[in-house]
Amino acid sequence: MSNQARHRMGELISEIRDHQFKYYVLDAPTLSDFDFDVLLIELTALEAKHPELREADSPTLGIGGGFATSFAQHDHLEKMMSLDNVFDLEELASWFDRVEKEVEKPTYLCELKVDGLAINLTYENGQLIRGLTRGNGTTGEDVTLNVKTIKNLPHSLAGSKIPTLIEVRGEVFFPLAAFIELNDGLEEAGKSLFANPRNAAAGSLRQKDPRVSAQRPLSVVVHGIGAHEGITFESQSNAYEVLKSLGLPTSERFKTFSSRKEVQGFIEYYQQHRHDVEHEIDGIVIKVDSLAQQNILGVTSRAPKWAIAFKYPPEEVTTKLLDIKVSIGRTGRVTPFAFMEPVKVAGSTVTNATLHNASEIIRKGVLIGDVVVIRKAGDVIPEVLGPVIERRTGNEKEFVMPTHCPECGSELRAMTIGDVDIRCPNARSCPAQLRERIYYIGSRAALDIDVLGYEAATALLTAGVIVDEADLFDLTPEKLSTSEFFTKKDGTPGLNGEKLLNALEKAKQAPLWRTIVALSIRHVGPTAAQALATHSASIEKISQSTASELAEIDGVGATIAESIIEWFSVDWHQEIIAKWSAAGVSVRQGEIAQLPQTLLGLTFVVTGGLETFTRDSISETIIAHGGKAASAVSKKTDYVLVGTDPGSKLAKAQELGVSVIDEARFKELLAGR
């Protein structure tokens, strides 16, 4: 029996370590938190039964993040503990029993368990000097510069009673609305999407270039204290009041209770309302409020005895996998997806869920006809977790990745060496790619033509009104009359047609960068397009540039440069440029509008909300007047334009001595004064 136990413990340790590495270092977990906890619980039980077999570096004795990375390592002043978990009210009752056996009439503080990245912030004499990830609890990764880009985190503490030293523990998270917007932007740029907000937060914070972190709308909430000098606290709730008075972002959703029943009510309330919160939560944290009682209860090697995390079960349902189909994207990428019997999960009904690629289907062991477990990962993206094997009937069948495009019949293949995706090479006439490209032209990221939606794009192509995107700006009422979608029942021009023609005429005057985005060059999204437009000023100059010249442009780089060179090497792509140019579409920077170049040679960074400009329009205004709209403050920045609720860019400008201006002064510069 001991040999069996030793073998199983070895398997568990290896599997747990592998998942810890993917979670803490790669920021790409392949196992749900719940399933990981199941493995850890099994290992803990085996070690309790066979203590002589426990390894000195067992995952049950540590916190799990002790892996070497490319980030500098730094010790925490005081060990940063993890939390033990319970998964039902019976386990919670056992924790209550242990606590109340040691201390008399405890008051419990309950707060939301934010599903983000744990962070340790050190302030000396009121100044933020260091930000560390949890790491192994003793040593973390130094992400100070990245942390300083978080908008709601102060670099200096407020108030009259500033502690000489304080370590503040918290959680960095990605707001759900911002997460959806980020993934939309990544998809537009042809980049890989984040699976959930936690991955997005971790991936954004652990960027080697803080400028990337600064572009991500991260937020933080603080919930604990480490080492501290020159300041005292009576309780956890008192600590939160003090932290708030110092200007630190604390949660407004914590409450204190004197009874188990009240704690249970808090747990049940947020289990029903977890989707009403602006960030992901995966449970409730219950703490003994009194610090004196916390000291009596003490800690284990990895977690405090005075706190526990009640973990909510992930929102999972089962449904039948009717088929696995593939979709063809605007750049030809083939993506398999699950087509299922409709099922409601996380508040919405889903029929489709992505399966990413063929290897993911094999890894999960999913067969067509399976009853599968579905979860809305991050409460946003539907995900197939795997099959319910015991419900198989024997009629299930394996999915075979198609060898030919389901829409045009072209043979599918990897387009470049090392490309994990297969693609349809028939870019010019594949109906799926055409639909997706036409639809993308009308998207907010490109020419922002509301009436050019998916239905309109399909109608234009189905009726043969256009052959491809090159024909889009040559549309006339006569051409549209051949499509029922754009005409009335009597055959006269309909409202859809009038709106589309007016919108296309307006789109011709869009800034050059939007035209570049609309070309669907692989990897070229709004950020790269703006950099190209600012530097080159015309599509003609971009097309004549070498790969090395393009790669040197700030915001472009080698990968995007190669994609640009490849795109312009195709003859029919040149036809698109020629036809659009002849139709009056902006293909040169000067054609945006004949505006005075009052900002020529000046670089601006904008932070905070402005009264008369949106985020897009301020960038367009700067570029249209000859300036450069940058995303990060550096010594090369000429002005930082500050609006309401500015972020950390203001502090960076002050640190570097960059000129800070308000909206009124910006308008003066715009007018040449």
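Source: prediction; values computed, not measured. (Residues numbered from 1 in each chain as written. Predicted model: local features only at pLDDT ≥ 70, side-chain atom pairs only at ≥ 80, totals over all residues. Heavy atoms only, no water.)

Visitor: Please explain the overall build of the protein chain as it appears in this structure.
Guide: Along the backbone of the protein chain there are 24 helices and 20 strands. The C-alpha atoms of the protein chain give a radius of gyration of 28 Å, which matches the 26 Å a tight globule of 673 residues would have. Oriented by its inertia axes, the alpha-carbon framework of the protein chain measures out at about 85 × 75 × 50 Å. In the protein chain, buried positions account for 49% of the 673 residues. A sequence separation of at least 24 residues applies to 67% of the contacts in the protein chain between residues at least 6 apart. For the protein chain, the accessible surface area stands at approximately 31800 Å², while carbon and sulfur atoms represent 51% of it. Averaging the coordinates of the 71 positive side-chain charges in the protein chain and doing the same for the 91 negative ones gives two points 1 Å apart. (Helix = DSSP H or I, 4+ residues; strand = E, 2+ residues; numbered from the N terminus. Rg over C-alpha atoms; globule rule 2.2 N^0.38 Å. Buried < 20%, exposed > 50% of the residue type's maximum accessible area, 1.4 Å probe, protein only. Contact = heavy atoms within 4.5 Å. Areas by Shrake-Rupley, 256 points an atom, 1.4 Å probe, with all protein chains shown as cover. Lys, Arg positive; Asp, Glu negative; His and termini not counted. Charge placed at Lys NZ, Arg CZ, Asp CG, Glu CD.)

Visitor: Is there a simple way to think about unusual backbone geometry in this case?
Guide: Across residues other than glycine, the phi torsion is negative in most instances, and most of the peptide bonds are trans. Even without being a glycine, Ser520 presents a positive backbone phi close to 60 degrees. Mapping Ser520 onto the fold places it in the loop between helix H16 (512-518) and helix H17 (526-536). At His523, a residue that is not glycine, the phi angle is positive and equals roughly 80 degrees. Its place among the elements puts His523 in the loop between H16 and H17.

Visitor: Explain helix H13 (residues 454-462) to me, please; I cannot follow it from the model alone.
Guide: Note: α-helices contain 3.6 residues per turn, so residues at a spacing of three or four share the same orientation. Of all the positions in H13, only Ala456, Ala457, Ala459, Leu460 and Leu461 are classed as buried. At its buried positions, H13 is contacted by helix H12 (431-441), helix H14 (477-480) and helix H15 (495-507). Looking one or two places after H13, you find Gly464, whose phi comes out positive at around 75 degrees.

Visitor: Before we go on, may I ask you to explain the confidence of the model for the protein chain in this structure?
Guide: When pLDDT drops low, the exact placement of atoms in the prediction is not to be read closely. Confidence in the prediction for the protein chain averages 86 pLDDT; 91% of positions are at 70 or higher. Averaged pLDDT values for the elements of the protein chain fall to 72 in helix H5 (residues 176-188) and rise to 97 in strand S9 (residues 255-257). (pLDDT = per-residue confidence, 0-100.)

Visitor: When you look at the sheet that holds strand S8 (residues 219-229) in this model, what are you seeing that I'm missing?
Guide: Sheet strands pair by backbone hydrogen bonding; their relative direction is either parallel or antiparallel. Read across the open sheet, the 4 strands follow the order S5-S4-S7-S8; overall the sheet is antiparallel. Only two strands of the sheet have a single partner each, and these edge strands are strand S5 (127-133) and S8. Direction aside, neighbouring strands of the sheet carry axes that sit 25 degrees apart on average. Taken together, the 6 bridges between strand S4 (residues 117-124) and S5 define a ladder with antiparallel strand orientation. The residue bridging Glu124 from the neighbouring strand is Gln127, located in S5. Helix H6 (residues 197-205) rests against S4 and strand S7 (165-173) of the sheet, and its axis sits at about 40 degrees to S4. Helix-sheet contacts for helix H8 (residues 236-245) involve S7 and S8, and the interaxial angle to S8 is about 110 degrees. (Pairing = 2+ DSSP bridges. Axes fitted to C-alpha atoms, helices over the stretch in contact; angles between N-to-C directions.)

Visitor: Can you help me understand the sheet that holds strand S3 (residues 108-114) in this one?
Guide: Read across the sheet, 5 strands follow the order S2-S11-S10-S3-S9 without closing on themselves; strand pairing throughout is mixed. What marks the edges here is a single partner per strand, and that holds for strand S2 (85-86) and S9. Examined bridge by bridge, S3 and S9 share 3 bridges and lie antiparallel to one another. Considered in S9, the bridge of Tyr108 is made with Phe257. Where helix H3 (residues 89-102) meets the sheet, its contacts fall on S2, S3, strand S10 (281-288) and strand S11 (307-311), and the angle it forms with S11 comes to roughly 170 degrees.

Visitor: Whenever I open this one, the packing of H3 against helix H9 (residues 260-272) confuses me. Can you help?
Guide: Between two packed helices, what matters for the description is the angle formed by their axes and the separation of those axes. For the pair H3 and H9, interaxial distance at closest approach is 12 Å and the crossing angle is 145 degrees. Classified by chirality, the crossing of H9 by H3 is right-handed. Each of Leu89, Leu92, Ala93, Phe96, Asp97 and Glu100 in H3 lies in contact with H9, whose residues at this interface are Arg260, Val263, Gln264 and Ile267. Of the residues belonging to the contact of H3 with H9, the class tally is 6 nonpolar, 1 polar and 3 charged. (Left-handed = near helix turned anticlockwise from the far one by under 90°. Nonpolar A, V, L, I, M, F, W, Y, C, P; charged D, E, K, R; others polar.)

Visitor: Hey, could you run me through the environment of Arg423 in this one?
Guide: For Arg423, the position within the fold is in the loop between strand S16 (381-387) and H12. With relative accessibility at 5%, the residue Arg423 sits in the buried group. Separated by 265 residues in sequence, Arg423 and Ala158 place their C-alpha atoms 55 Å apart. Within the structure, Arg423 has its side chain in polar contact with the side chain of Thr331 (distance 3.1 Å). (Polar contact = N/O pair within 3.5 Å; in protein donor to acceptor, adjacent residues only side chain to side chain.)

Visitor: How should the pairing of S10 be read in this particular structure?
Guide: The element S10 is extensively covered by neighbouring structure, given that 8 of its 8 residues are classed as buried. Pairing analysis gives 6 bridges linking S3 to S10, with the strands arranged antiparallel. Note that in S10 the partner of Val114 across the bridge is Ile281. Sheet topology places S10 next to S11; 5 bridges connect them, and they run antiparallel.

Visitor: Help me understand the pattern of salt bridges in this model?
Guide: Opposite charge on two side chains permits them to pair, given that their charged atoms come into close proximity. Applying the stated rule across the entire model yields 22 salt bridges. The residue Glu167 makes a salt bridge to Arg169 at a minimum N-O spacing of 3.5 Å. For the pair shown, Glu167 and Arg169 are each scored as buried. Measuring nitrogen to oxygen at the nearest pair gives 3.0 Å for the salt bridge that ties Glu668 to Arg665. You can see Glu668 and its partner Arg665 sitting in helix H24 (residues 663-670), 3 residues apart, about one turn around the helix. Using a relative accessible area of 32% as the deciding quantity, one classes Glu668 as partly exposed. For Arg665, a relative accessible area of 29% puts it in the partly exposed group. A cluster of three or more residues bridged by salt bridges with shared partners is formed by Arg8, Glu11 and Glu42. (Salt bridge = Lys/Arg side-chain N within 4 Å of Asp/Glu carboxyl O.)

Visitor: Help me understand the environment of Val388 in this model?
Guide: Here Val388 lies in the loop between S16 and H12. According to the relative accessible area criterion, Val388 is buried, its value standing at 12%. Taking the C-alpha atoms as reference points, Val388 and Gly116, separated by 272 residues in sequence, lie 29 Å from one another.

Visitor: When you look at the packing of aromatic side chains in this model, what are you seeing that I'm missing?
Guide: Two measures describe an aromatic ring pair: the distance that separates the ring centres and the angle between the ring planes. Counted by the stated rule, this structure contains 15 aromatic pairs. Judged by centre distance (4.9 Å) and plane angle (70 degrees), the ring pair of Phe96 and Tyr108 falls under edge-to-face. Of this pair, Phe96 sits in helix H3 while Tyr108 sits in strand S3, placing them 12 residues apart in sequence. For the pair Phe96 and Tyr108, a shared accessibility class is recorded, and that class is buried. (Phe/Tyr/Trp six-rings, centres within 6.5 Å; stacked < 30°, edge-to-face > 60°.)

Visitor: Just checking my understanding: could you explain the packing of H12 against H13 for this structure?
Guide: Axis separation between H12 and H13 bottoms out at 9 Å; the angle between their running directions is 130 degrees. By the criterion of interaxial angle, the relationship of H12 to H13 is oblique. Pair H12 / H13 crosses with right-handed handedness. For the pair H12 and H13, contact is made by Leu434, Arg435, Glu436, Ile438 and Tyr439 and by Tyr454, Ala457, Thr458 and Leu461, respectively. Among the residues forming the contact of H12 with H13, the class breakdown is 6 nonpolar, 1 polar and 2 charged. (Parallel < 35°, antiparallel > 145°, perpendicular 65-115°, else oblique.)

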